[in-house]
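The primary structure of each chain is shown beneath.
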Amino acid sequence: MITATSTKTTTSSRGRALGAGWRAAAACGRVDPELFYPLDLDPVGPAVLAARRVCAHCPVLPECLGDVLASEDPARRWGVIGGTTPDERTARYARQRAAGLDATGAAA
Ligand code: SF4
């Protein structure tokens, strides 16, 4: 995971309390970080799809996505994180806020 750090404890759908330690299991830790910051953010373009392929097999995708939605500056979204483009995170963030949910999808 590549975004700002957080000390917030997150719990995956598998019920593991991982805290900030989830980053150690991030699939992107073994990949060139540039892959996740393509200039072309076409959601079905080859650059985004290459990053999504890594995220799709990442064991901590839920923690990553929850963390980025909780900590990312909405005015500065960039890159493919948690398998999502900036526009997709903006839409997801808006849907969660409208539904009264926090960044992890839990009732706020
Ligand atoms: S979901 Fe993607 S960006 Fe997030 S930690 Fe996993 S590989 Fe990295």
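Residues numbered from 1 in each chain as written. Predicted model: local features only at pLDDT ≥ 70, side-chain atom pairs only at ≥ 80, totals over all residues.

## Here we look at the overall build of the protein chain
How we decide: Labels follow the DSSP assignment, with helices taken as runs of H or I lasting at least four residues and strands as runs of E lasting at least two, numbered in each case from the N terminus. Using C-beta atoms placed from the backbone, we call a residue buried if 20 or more other C-beta atoms fall within 10 Å of its own, exposed if 12 or fewer do, and partly exposed for counts in between. By the criterion used throughout, residues are in contact when their C-beta atoms, derived from the backbone, lie within 7 Å.
The helix and strand inventory of the protein chain stands at three helices and zero strands. Tracing the protein chain from N to C terminus, the helices and strands come up as α-α-α. Here the protein chain, with 108 residues, has 26% of them falling under the buried criterion. In the protein chain, of all internal contacts separated by at least 6 residues, the share reaching a separation of at least 24 is 55%.

## Let's talk about the site of the ligand
Counted only if it meets this: Note on definitions: a residue is near a molecule or strand provided its C-beta atom, placed from the backbone, lies within 6 Å of it. All amino acids are sorted into three groups, where Ala, Val, Leu, Ile, Met, Phe, Trp, Tyr, Cys and Pro are nonpolar, Asp, Glu, Lys and Arg are charged, and the leftover types, Gly among them, are polar.
Every one of the 14 residues lining the ligand counts as a neighbour, but Ala26, Cys28, Cys55, Cys58 and Cys64 are closest to it. Among the elements of the structure, α1 (46–56) and α2 (61–71) are those that each provide at least two residues to the shell around the ligand. Tallied by class, residues from the shell around the ligand come to 12 nonpolar, two polar and no charged.

## Quick look at the nonpolar core
To keep it simple, the criterion reads: Here, a nonpolar core denotes buried Ala, Val, Leu, Ile, Met, Phe, Trp, Tyr and Cys residues that are linked to one another through C-beta atoms within 7 Å.
Judged by nonpolar contacts, the single largest core of 15 residues is most densely connected at Leu61 and Cys64. Listed by contribution, the elements that provide at least two residues to this core are α1 and α2. The element best represented in this core is α2, accounting for five residues.

## Some thoughts on α2
Burial runs high along α2: eight of the 11 residues are buried. Listed as buried for α2 are Leu61, Glu63, Cys64, Leu65, Gly66, Asp67, Val68 and Leu69. Buried residues along α2 sit against α1 and α3 (86–98).

## Observations concerning the environment of Leu39
Turning to its location among the elements, Leu39 is positioned in the segment before α1. A residue is classified by how many C-beta atoms lie within 10 Å of it, and Leu39, with 5 of them, is exposed. Once the C-alpha coordinates of Leu39 and Trp78 are considered, the two residues, 39 residues apart in sequence, prove to be 9.8 Å apart.

## Considerations on the confidence of the model for the protein chain
The following threshold applies: A residue's pLDDT is the confidence the predictor assigns to it, expressed on a 0 to 100 scale.
The pLDDT averaged across the protein chain works out to 85; a share of 80% of its residues lies at or above 70. In this model, residues 3–16 is a region of pLDDT below 50 whose contacts with residues beyond four sequence positions or in other chains number 27 contacts.

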